[in-house]
Amino acid sequence: MKELKNYFIVFVLIALVVGAVGGAAGSLFLKPYLANTDWGNKLLNAGAAQMISEKRVYEVTEDSATIDVVKKVSPSVVSVVITKELSNFYNMTGPDIFGFPFQIAQPSQQKQKQEVGGGTGFVIGSDGLILTNKHVVSDDTAEYSVVFNDGKKYEAKVLGRDPVNDIAVLKIEAKDLPVIELGDSDQIEIGQTVIAIGNALSEYKNTVTKGLISGINRRIVAGDGYGSSEVLEEVLQTDAAINPGNSGGPLLNLAGQVIGINTAVNNGGQSIAFAIPVNQAKNVIDSVKQFGRIVRPWLGIRYLVINKEFAQKNNLKYEYGALIQRGAQATDVAVVPGSPADKAGLIENDIILEVNGVKLENDKNLAKEVSRYKPGDEISLKIFRKDGEKTIKVKLEERK
C-alpha cells in the first residue's frame, strides 16, 4: 500500500512537470508555428475574437441600458428655476485704503427680478404635477418656474411642502406630460446600478451620472447652507455624482423607474450622496392627487428619542421608544390640547414603545411610523406609564 502511494505521488509530480513543459513549449513553439499557418492563425484569432466579443457584449448591454433609460426619462425631468425681486447694485469708488482704491456696491431704488438659484424636479402627473425637494422651493418670497429638456418653460406654483420630509410638489398649467414611473425602493440592494439626472450646479440641465447604491437606511443631518438643517431617516447612499442643483431630481434603476429623490451631498467626502427613498414620497403624491395638497397624519405630541445612553443617564427602564416631554418654552406643551394624543389619554412622561406592533428602535422612529398612515386611520400605541405597560388606540387627524 505504501509503495502504491509512492507511485501515485511520483505520477502526480511527473504530470505537473509534463504540463508545465507542455505549456511552455506551446507558448514558445506551438503558438508561433500555428501563427505561421493559415488554419492555425484562424484558430488563434477565433479564440481572441471570442474573448473580445464577450467583453463587448457585456459593455454594450450595460451602456445600452443606461442610454435607453436616459432617452426614456429625460423628457420627464425638469430644471426648477428660482427667481426673486432684488435691488440692482452699482459700483462706486470708495476711499483709498493702504494706497489702493476699492469698489463699494450700493443698492439702487430700482428693483428687478433675477434668477438666484435652481434645482431639479420630475413629472409625477400628466396634468402638471412635479415632485422636487422642499429645500429647493422653501422661499415664500421667491417665484418658481420649470424648464423642460426641450426648452419649454412654465410658471410653477408650490402646492405643498411636506412637514415631515424634504419633499415638495409643484403645479404647472400643462397637459399630457410624460410621467415618470415610480419603482419600489424597498427592493433596492447594495451594489445596484443607479442613474441620476439633474440640473447640475443650476447650470447644466439634465446632466446624467451613473453609480452604485453604496448604502441603505442611512440617517443624516442635511443643512441648506443658510443655518437650517433637517434630519433625514432611512435615506439611500450612492456614489453617483450629485452636485448642487441636482436636488429634487430622480435616482433611477436600469428599468427607468424612480427609486429615490436626490437630496444631499457630503461635502466632507468624495462620491458620497444621498437620496430619499421614493416609497417615502408615495403617500404625499397620492394625497396631492386626491386632495390637491399634501395631507399628513397628526398625533399631537412633543417627544425625545430614547437610546441606550439617554436611558442610562435618566435611569429609564427602556433603552428605546419615545418619551413624551414638553419643550424649552412654556408654550411647548408635551401633549397638544385637543389633539388625537390628548383625546386618546396620552400624558407627559409616557413612553411610546411600539406603533402597531413596530418597536421604536434603531431606524424605526415615531414620526416615520406615524407618517405611514393617513388621517382617519386608527393606530395602536404600546406605552409605558408608571403603573406598567398598556395599549392605547389613537385616531389620527390631518396635520394643519
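Here, every reference points to the structure presented above.
Computed from a predicted structure; not experimentally measured.

**Considering the side chain of D162**
Stage number 1. Counting through the fold element by element, D162 comes out in the loop between strand 5 (153–161) and strand 6 (168–171).
Stage number 2. The buried category is assigned to D162, whose relative accessible area is 0%.
Stage number 3. There is a polar contact of 3.3 Å between the side chain of D162 and the backbone nitrogen of N165.
Stage number 4. Those residues within four positions of D162 in sequence are excluded, and the remaining contacts are K134, I167, V284, I294 and R296.

**Describing the pattern of salt bridges**
A side chain with one charge may pair with a side chain of the opposite charge, provided their charged atoms come close.
Stage number 1. Taken as a whole and assessed by the stated rule, the structure comprises 15 salt bridges.
Stage number 2. A salt bridge links E234 to R372; the nearest nitrogen and oxygen atoms lie 3.7 Å apart. Of the two residues, E234 is situated in strand 10 (residues 229–238) and R372 in the loop between helix 6 (366–371) and strand 19 (378–385); the sequence distance between them amounts to 138 residues.
Stage number 3. The exposure class of E234 is buried, given its relative accessible area of 12%.
Stage number 4. Here R385 and D350 are joined by a salt bridge, their closest N and O atoms 2.8 Å apart. Highlighted residues: R385 in strand 19 and D350 in the loop between helix 5 (340–344) and strand 17 (351–355), separated in sequence by 35 residues.
Stage number 5. With relative accessibility at 16%, the residue R385 sits in the buried group.
Stage number 6. What emerges from the salt-bridge pattern is a single network uniting E234, E369 and R372.

**Concerning the packing of aromatic side chains**
Stage number 1. Scanning the model with the defined rule gives three aromatic pairs in all.
Stage number 2. Between the aromatic rings of Y318 and Y320, the centroid separation amounts to 5.8 Å while the plane-to-plane angle is 80°, which identifies the pairing as edge-to-face. Accessibility classification places Y318 together with Y320 in one group, the buried group.
Stage number 3. The aromatic ring of Y320 is capped on one face by K359, whose charged end is 4.4 Å from the ring centroid.

**Overview of the pairing of strand 20 (residues 388–395)**
Stage number 1. Note that strand 19 and strand 20 share eight bridges and pair antiparallel. Residue pairing in the sheet places K382 in a bridge with T391 of strand 20.

**Details of helix 3 (residues 282–291)**
Stage number 1. Every buried residue of helix 3 is accounted for by V284, I285, S287 and V288. An end-on view of helix 3 places all buried positions within 165° of arc, on one side of the element. Pointing more than 90 degrees away from the buried face of helix 3 are the exposed residues K289 and Q290.
Stage number 2. At the C-terminal side of helix 3, G292 shows a positive phi close to 80°.

**Focus on the pairing of strand 17**
Stage number 1. In terms of residue burial, strand 17 counts as a mostly covered element, since five of its five residues are buried.
Stage number 2. In this structure, strand 16 (residues 322–324) lies alongside strand 17, joined through two bridges in antiparallel fashion. By the bridge assignment, A322 is partnered in strand 17 with I352.
Stage number 3. Relative to strand 19, strand 17 runs antiparallel, the two sharing four bridges. Directly across from I351, in strand 19, lies its bridge partner F384.
Stage number 4. Relative to strand 18 (residues 358–359), strand 17 runs antiparallel, the two being bridged by two bridges. Within strand 18, the residue paired with E354 across the bridge is K359.
Stage number 5. Connecting strand 17 to the antiparallel partner strand 18 that follows it, the hairpin turn spans two residues, and N356 within it adopts a positive phi of roughly 50°.

Reading the values: rules and limits
Residues numbered from 1 in each chain as written. Predicted model: local features only at pLDDT ≥ 70, side-chain atom pairs only at ≥ 80, totals over all residues. Heavy atoms only, no water. Helix = DSSP H or I, 4+ residues; strand = E, 2+ residues; numbered from the N terminus. Buried < 20%, exposed > 50% of the residue type's maximum accessible area, 1.4 Å probe, protein only. Polar contact = N/O pair within 3.5 Å; in protein donor to acceptor, adjacent residues only side chain to side chain. Contact = heavy atoms within 4.5 Å. Salt bridge = Lys/Arg side-chain N within 4 Å of Asp/Glu carboxyl O. Phe/Tyr/Trp six-rings, centres within 6.5 Å; stacked < 30°, edge-to-face > 60°. Lys NZ or Arg CZ within 6 Å of the ring centre and 35° of its normal. Pairing = 2+ DSSP bridges. Arc of directions from axis to C-beta.

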